[in-house]
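Structure at a glance
Each chain, written out:
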Amino acid sequence: MDAVIKNFPVGEENSGRPTQKEAEDAVRVLLRWAGDDPSREGLLDTPSRVAKAYRELFSGYELDPEDVLGRTFEEVAGYDDIVLVKDIPFYSHCEHHMVPIIGRAHVAYLPNGRVLGLSKIARVVEIYGRRLQTQETMTAQIASAIDETLRPRGVAVMIEAEHMCMAMRGIQKQGSTTLTTTFTGAFKSEPAEQVRFMTMIRGRG
Ligand SMILES: Nc1nc2c(ncn2[C@@H]2O[C@H](COP(=O)(O)OP(=O)(O)OP(=O)(O)O)[C@@H](O)[C@H]2O)c(=O)[nH]1
Ligand SMILES: [Zn+2]
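Residues numbered from 1 in each chain as written. Chains lettered and ligands numbered in written order. Predicted model: local features only at pLDDT ≥ 70, side-chain atom pairs only at ≥ 80, totals over all residues. Heavy atoms only, no water.

How we decide: UniProt positions are given in the numbering used here, feature names are shortened, and annotations may be inferred rather than shown by experiment.
Looking up the protein chain in an unreviewed UniProt entry gives the name GTP cyclohydrolase 1, with the organism given as Mycoplana rhizolycopersici. As its UniProt record puts it under Sequence similarities (unreviewed entry), the protein chain is described as follows: "Belongs to the GTP cyclohydrolase I family." Of the comments in the UniProt record for the protein chain, the one headed Pathway (unreviewed entry) reads "Cofactor biosynthesis; 7,8-dihydroneopterin triphosphate biosynthesis; 7,8-dihydroneopterin triphosphate from GTP: step 1/1."

1. As for the UniProt feature "binding site: Zn(2+)" (unreviewed entry) in the protein chain
Heads up, the rule is: A helix here means a DSSP run of H or I that spans at least four residues, while a strand means a run of E at least two residues long, and both kinds are numbered starting from the N terminus. Using a 1.4 Å probe on the protein chains alone, a residue whose accessible area is under 20% of its type maximum counts as buried, one over 50% counts as exposed, and one in between counts as partly exposed. The contact rule is simple, with two residues in contact once any of their heavy atoms fall within 4.5 Å.
The sites that carry the UniProt feature "binding site: Zn(2+)" (unreviewed entry) are, in the present numbering, Cys94, His97 and Cys165. Spanning 72 residues, the named residues nonetheless gather at one spot, since no C-alpha pair among them exceeds 7.8 Å. By the secondary structure assignment, His97 is in the loop between β2 (83-94) and β3 (100-110). Among the residues examined, His97 registers a relative accessible area of 36% and is labelled partly exposed. With residues up to four places along the chain from it excluded, the contact list for His97 reads Cys165 and Arg169. With respect to the secondary-structure elements, Cys165 resides in helix α6 (residues 164-167).

2. Remarks on the coordination of the zinc ion (ligand 2)
This is how it is decided: Ligating atoms shown are N, O and S within 2.8 Å of the metal, or 3.2 Å for Na, K and Ca, and water is not included, meaning a site may look less than complete.
Donor atoms from the polypeptide that bind the zinc ion (ligand 2) are Cys94 (SG), His97 (ND1) and Cys165 (SG), placed at 2.1 to 2.4 Å. The motif formed by the donor residues of the zinc ion (ligand 2), counted along the single chain, is C-x2-H-x67-C. Here Cys94, found in strand β2, pairs with Cys165, found in helix α6; they are 71 residues apart in sequence, far enough to count as distant. Across the pair, exposure class does not vary: Cys94 and Cys165 are buried alike.

3. Side note on helix α2 (residues 46-57)
To keep things clear, this is the line we draw: Working rule for helices: expected span equals 1.5 Å times residues minus one. Arc definition: directions from the helix axis to the C-beta atoms.
A rise of 1.5 Å per residue sets the reference length of α2, with its twelve residues, at 16 Å; its end C-alpha atoms lie 16 Å apart and thus fit the reference within 8%. Restricting attention to buried positions, one finds in α2 the residues Thr46, Pro47 and Ala51. For α2, the angular spread of the buried residues around the axis is 135°, confining them to a single face. Facing away from the buried surface of α2 by more than 90 degrees, the exposed residues are Lys52 and Glu56. Residues of α2 that are buried sit in contact with α1 (20-34).

4. Some thoughts on the site of ligand 1
Cut-off, in case you're wondering: Proximity criterion: a residue is near a molecule or strand once any of its heavy atoms comes within 4 Å of it. Under the convention used here, a 1.4 Å probe and the Shrake-Rupley method define accessible areas, while residue burial counts only the protein chains that appear. Under the scheme applied, nonpolar residues are Ala, Val, Leu, Ile, Met, Phe, Trp, Tyr, Cys and Pro; charged residues are Asp, Glu, Lys and Arg; polar residues are all the others, including Gly.
Surveying the vicinity of ligand 1 reveals the residues Cys94, His96, His97, Thr134, Gln135, Glu136, His163, Cys165, Met166, Arg169 and Gly170. Surface burial for ligand 1 is 51%, taken as the share of its 620 Å² of free accessible area covered by protein chains. Of all the elements in the fold, those that place two or more residues in the shell around ligand 1 are α5 (135-150) and α6. By residue class, the composition of the shell around ligand 1 is three nonpolar, six polar and two charged.

5. Brief notes about the packing of α1 against α2
Under the convention used in this document: Working convention: axes come from line fits to C-alpha atoms, limited for helices to the stretch in contact. Angles between N-to-C directions cover 0 to 180 degrees. In what follows, roughly perpendicular refers to angles from 65 to 115 degrees, roughly parallel to angles under 35, roughly antiparallel to angles over 145, and oblique to any angle outside these ranges. Throughout, a crossing is termed right-handed when the near helix is turned clockwise from the far one, and left-handed when it is turned anticlockwise from it by less than a right angle.
Two numbers describe how α1 lies on α2: the axes approach to 8 Å, and their chain directions differ by 115°. With respect to α2, the element α1 is oriented roughly perpendicular. The hand of the α1/α2 crossing is right-handed. On α2, the residues touching Gln20, Ala23, Glu24, Val27, Arg28 and Leu31 of α1 are Thr46, Pro47, Ser48, Val50 and Ala51. By residue class, the composition of the contact of α1 with α2 is six nonpolar, three polar and two charged.

6. Remarks on the confidence of the model for the protein chain
Heads up, the condition is: What pLDDT conveys is the predictor's confidence in a given residue, as a value from 0 to 100.
Looking at the protein chain as a whole, its pLDDT mean stands at 92, while 92% of the residues score no less than 70. The model gives residues 1-13 a pLDDT under 50, and that stretch makes 17 contacts with residues more than four places away or in other chains. In the model output, the complex is listed with pTM 0.90 alongside ipTM 0.86.

This is the structure:
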């Protein structure tokens, strides 16, 4: 982990975060709420496993996209056309039900003299994915993080995702996909750039 711990600093100043024991007790309550017995053998270690899993699934709160996006390159031989990283898979959790959102992000920008390491784009998707989210917020957050740190001529983000809260429960519609987009700069002002972005995303193989 090479980025700064931000929202939940590990240490004495970390007064707002529950203790491991509090988290495990909360899981025991939810196990009882589900109708099971937390003291049966198979569930004895479950609270500590769940607490550990939550640290991983929600590790995005501890990372700052600015640290990840700080490393840029200028030597790209004058390349100034679209850079698109498409089909970045991610898992997130909806902030309404805390069940998974399973999706793919497509992220593009128009360089303004500087380019990002390609892996950094996927890292930004991870940082925002590993938080409680709405798809709209996550789409906008990825775009503005890149916009504000890299200052490119434009950013385009599309997310396609399936929401388990619509598939496993509630309306129970499996297989529906939600699409969200955020465009900034030239992608926002020039429809032709949006069309190029969409064409590049849809051009498979
Ligand atoms: N806009 C948006 N809505 C979302 C997202 N994830 C989940 N939701 C919706 O959040 C809404 C919450 O609605 P509520 O009526 O408060 O909760 P609910 O009774 O559990 O809703 P149902 O899912 O319809 O049973 C639901 O319509 C979900 O489909 C998201 O990323 N974006
Ligand atoms: Zn939901």
